[in-house]
Amino acid sequence: MSQSNVSRREFLKQNSLTGLGAILTPSLLADTPVGTPEIVTKRSIKPAPFSLAEPPALLGGKPVRTAQWPTWPLWKPEQDEKQLLEVIRSGIWSRGNVVSEFEAKWAAAVGAKRSLAVVNGTNAIMAALAQLDIRGGDEVLVPPYTFIGTVAPVLATGAMPIFVDVDPETFQIDPAKIEAKITPRTKAIIPVHILGLPANMPQILAIAKKHKLVVIEDACQAHLAEINHQKVGTFGHAGCFSFQNSKNLAIGEGGAIVSNDDAFMDRCFSYHNYGNPYGMVSGVIGAGTLIQGTKLRLTEYQAAIGLAQLKRLDAETTTRNTNAAYLKAKIKSIPGIVPYKLYDDVTRAAFHLFPFRYKKEAFKGLSREVFIKALTAEGIPCSKGYATLNNMPYLNDAFQSKNFQKMYPRAMLNFNSYVERNHCPQNDRLCNEEAVWFTQNMLLGSQADMDEIANAIEKIHTHADKLLSQK
Ligand SMILES: *Cc1c(COP(=O)(O)O)cnc(C)c1O
């Protein structure tokens, strides 16, 4: 194979997982066949034989696990391909009835009145911001513990993201820190249900109501997650979802806006179709394009893939919840391992990722980097997750643009003072020191798989002193 072929394959593999916004371990990037239906059914019933006396795999010992993890996304030709083939053979590939069917089924799945399918989650947020009239000169509150896809659309509207620190126990935006960040410019808040764990919506909604803030939920990682049996994405003025390849409902690329507000959804529809008339966005026939829009339409074949995936989403979500609860119960007693906490009123999470905090003091001071390497060597791929988003150069690049220079007083655009004002120490600790993630596909396996994860962590804890010399 030629050099350029190799690098293109590498690029595609990397690119297909960029939605995670994190560097993933090589084992997850390894070639995995798509369309192996045995993945969910062929489960190991017992964990591999295991001894704590075995040296760490990083030092040449036998790894705890050698079996493959469930691959992602799943594709089951016999049940997934019929509608997709019909679409392809019909020649109707641009937006039509299949996209409308997907929208109706997605709205029903989350319990929203309306849903609009768009090209991706980032543009779902972009469209929602634009149609809720978030513009240059406004401030939008966001958590720093998120994917860039939350923040990029804020800057694209000309608004300024203002970062509110997170609660390290839940990894979510900390409601107690919101009000201190509100100024006369603050117009909106984007709570992110990050990692697929619900944010504290009751408290966030109360603060938003008091200060008349628009609420756009970034539910891009939180398909079918619930607070008091109500699906996330349906609490705010709008909820935004992503169907990128890594997400719990994977289409490759895709997104959706959900809302109960017909006038808003009609405007979003019009916006995603060049501002052409739709519903309440209507004018004199022949008057032309009505609102400032763009083009964000999903294709029919993407919708057919989404409909196939949607059939499995509920059962998969149950499996992830069951395995996550089991794994959490097993690892929380290992010193130095602090799994996520869910708020009391959470009735279901999505577990796009399974997070815990790693306290190196309990591992003889072993760095998180070496812990991650050692765990990965045991056959348990993991990552350190997000880097700090609230001090990266893209912010200053926006601030130096002509639009921002015209829209804000000079002092607001001073990058050093911006970074100071947006300092989030809890987030810094998660990103730079403590967070460790497992990806959602690992939670689709068996209970024995979860036992192996716990065994591997226990093994590293036992042998931490021997790993100290590793880099
Ligand atoms: C994936 C993601 C997005 C963006 O969705 P895309 O479909 O990748 O554009 C936004 N926010 C969060 C939290 C995400 O995980």
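Each chain has its residues counted from 1, following the order in which its sequence is written. In keeping with the predicted nature of the model, local features appear solely for residues at pLDDT of at least 70, side-chain atom pairs appear and are counted solely at 80 or more, and the whole-chain, interface and lining totals rest on all residues. Excluding hydrogens and water, the side-chain values take into account all heavy atoms of the structure.

The protein chain has the name Glutamine--scyllo-inositol aminotransferase in an unreviewed UniProt entry, where Spirosoma radiotolerans is given as its organism.

Undergrad: Help me get a handle on the packing of helix H5 (residues 97-110) against helix H10 (residues 300-331), residues and values and all.
TA: Lines are fitted to the C-alpha atoms to define the axes, a helix being fitted only along its stretch in contact, and any angle between axes, read from their N-to-C directions, falls within 0 to 180 degrees. Under the scheme used here, helices are H or I runs from DSSP no shorter than 4 residues and strands are E runs no shorter than 2 residues, and both carry numbers assigned from the N terminus. Relative to each other, H5 and H10 sit at 30 degrees, their axes nearing to 8 Å. Comparing their axes, H10 and H5 come out roughly parallel. For H5 against H10, the interelement crossing comes out left-handed. Contact with H5, carried on its side by Asn-97, Val-98, Val-99, Glu-101, Phe-102, Lys-105, Trp-106 and Ala-109, involves Glu-300, Ala-303, Ala-304, Gly-306, Leu-307, Leu-310 and Leu-313 of H10 and no other residues of that element. Of the residues belonging to the contact of H5 with H10, the class tally is ten nonpolar, two polar and three charged. Under this scheme an angle from 65 to 115 degrees is roughly perpendicular, one under 35 degrees roughly parallel, and one over 145 degrees roughly antiparallel; angles in between are oblique. Left-handed describes a crossing whose near helix is turned anticlockwise from the far helix through less than a right angle; right-handed describes the clockwise counterpart. Two residues qualify as a contact provided that any one of their heavy atoms is within 4.5 Å of a heavy atom in the partner residue. When residues are sorted by character, Ala, Val, Leu, Ile, Met, Phe, Trp, Tyr, Cys and Pro go into the nonpolar class, Asp, Glu, Lys and Arg into the charged class, and all the rest, Gly among them, into the polar class.

Undergrad: An account of the site of the ligand is needed here, citing residue identities and associated values.
TA: Nearness is judged by heavy atoms alone; a residue qualifies as near a molecule or strand once a single heavy atom is within 4 Å of it. Around the ligand, the structure places 17 residues, and the nearest of them are Gly-121, Thr-122, Asp-218, Ser-242 and Lys-247. In protein, a polar contact requires one atom able to donate a hydrogen and another able to accept it; more generally it is a pair of N or O atoms within 3.5 Å, and residues adjacent in sequence count only if both atoms are side-chain atoms. Between the ligand and Asp-218, the relevant distance is 2.7 Å, taken from a nitrogen atom to a side-chain nitrogen or oxygen of the residue. The separation between an oxygen atom of the ligand and a polar side-chain atom of Gln-221 is 2.8 Å. To be clear on the numbers: accessible area is Shrake-Rupley with a 1.4 Å probe, and residue cover counts the displayed protein chains and nothing else. Here the ligand loses 96% of its free accessible area of 380 Å² to cover by the protein chains. Sorting the residues of the shell around the ligand by element identifies helix H6 (121-131) and helix H7 (148-157) as the ones contributing at least two each.

Undergrad: Tell me about the sheet that holds strand E15 (residues 435-439), and name the residues and values.
TA: Between any two strands, at least two bridges found by DSSP are needed for them to pair. Within the open sheet, the three strands sit side by side as E12-E14-E15. Their pairing is antiparallel. Across the chains shown, the open sheet's two edge strands, defined by having one partner strand only, are strand E12 (337-339) and E15. Neighbour-to-neighbour, the strand axes of the sheet open up by a mean angle of 30 degrees, direction not taken into account. In this sheet, strand E14 (residues 353-358) lies alongside E12 in antiparallel orientation, the contact comprising three bridges. Across the sheet, the residue bridging to Val-338 is Arg-357, located in E14.

Undergrad: So, the nonpolar core: which residues are in play, and what are the values?
TA: Residues belong to one nonpolar core when they are buried, are Ala, Val, Leu, Ile, Met, Phe, Trp, Tyr or Cys, and are joined through side-chain atoms within 4.5 Å. Three labels apply to residues, based on accessible area from a 1.4 Å probe with only protein chains included: buried if under 20% of the type maximum, exposed if over 50%, partly exposed otherwise in between. Counting 136 residues, the largest nonpolar core has Tyr-145, Phe-371, Phe-438 and Ile-457 as the members making the most contacts within it. Tallying contributions element by element places H10 first for this core, with nine residues. Setting aside anything within four residues of it in sequence, one finds Phe-371 in contact with Ile-337, Phe-356, Tyr-358, Phe-363, Leu-366, Val-436, Ile-457 and Ile-460.

Undergrad: Tell me about the pairing of strand E11 (residues 255-259), residues and numbers included.
TA: Counting buried positions over the five residues of E11 gives five, a clear majority of the element. Judged by which residues are buried, E11 turns out to be covered on both faces: Gly-255, Ile-257 and Ser-259 on one side and Ala-256 and Val-258 on the other are all buried. Looking at chain direction, strand E1 (residues 114-118) and E11 are connected through five bridges and run antiparallel. Each residue of the ladder has a partner; that of Arg-114, found in E11, is Ser-259. As paired elements, strand E10 (residues 238-242) and E11 share four bridges and run antiparallel to each other. Bridging from a neighbouring strand, Cys-240 pairs with Ile-257 of E11.

Undergrad: Quick one: what's the story with the sheet that holds E1, residue by residue and with numbers?
TA: Spatial strand order, E1-E11-E10-E7-E6-E2-E3: seven strands in an open sheet with mixed pairing. Only two strands of the sheet have a single partner each, and these edge strands are E1 and strand E3 (160-163). Across the sheet, the mean angle separating the axes of adjacent strands is 25 degrees when strand polarity is ignored. Helix-sheet contacts for H5 involve E1, E10 and E11, and the interaxial angle to E1 is about 130 degrees. In the packing of H7 onto the sheet, contacts are made with strand E2 (139-142), E3 and strand E7 (214-218), and the angle to E3 comes to roughly 140 degrees.

Undergrad: Outline the pattern of salt bridges, supporting the account with residue identities and numerical values.
TA: Only one rule defines a salt bridge in this text: a Lys or Arg side-chain nitrogen within 4 Å of an Asp or Glu carboxyl oxygen. All chains considered together, the criterion is met by 22 salt bridges. Among the salt bridges present, the one from Arg-312 reaches Asp-80, with a minimum N-O distance of 3.0 Å. One end of the pair, Arg-312, is in helix H10; the other, Asp-80, is in helix H4 (residues 77-90), and 232 residues separate them in sequence. Each member of the pair, Arg-312 as well as Asp-80, carries the same accessibility label: buried. With a closest N to O distance of 2.9 Å, Asp-451 and Lys-330 form a salt bridge. One end of the pair, Asp-451, is in helix H16 (residues 447-462); the other, Lys-330, is in helix H10, with 121 residues separating them in the sequence. Among the residues examined, Asp-451 registers a relative accessible area of 10% and is labelled buried. You can call Lys-330 partly exposed: its relative accessible area is 33%. One salt-bridge network, in which partners are shared between bridges, spans Lys-113, Arg-114, Asp-262 and Asp-266.

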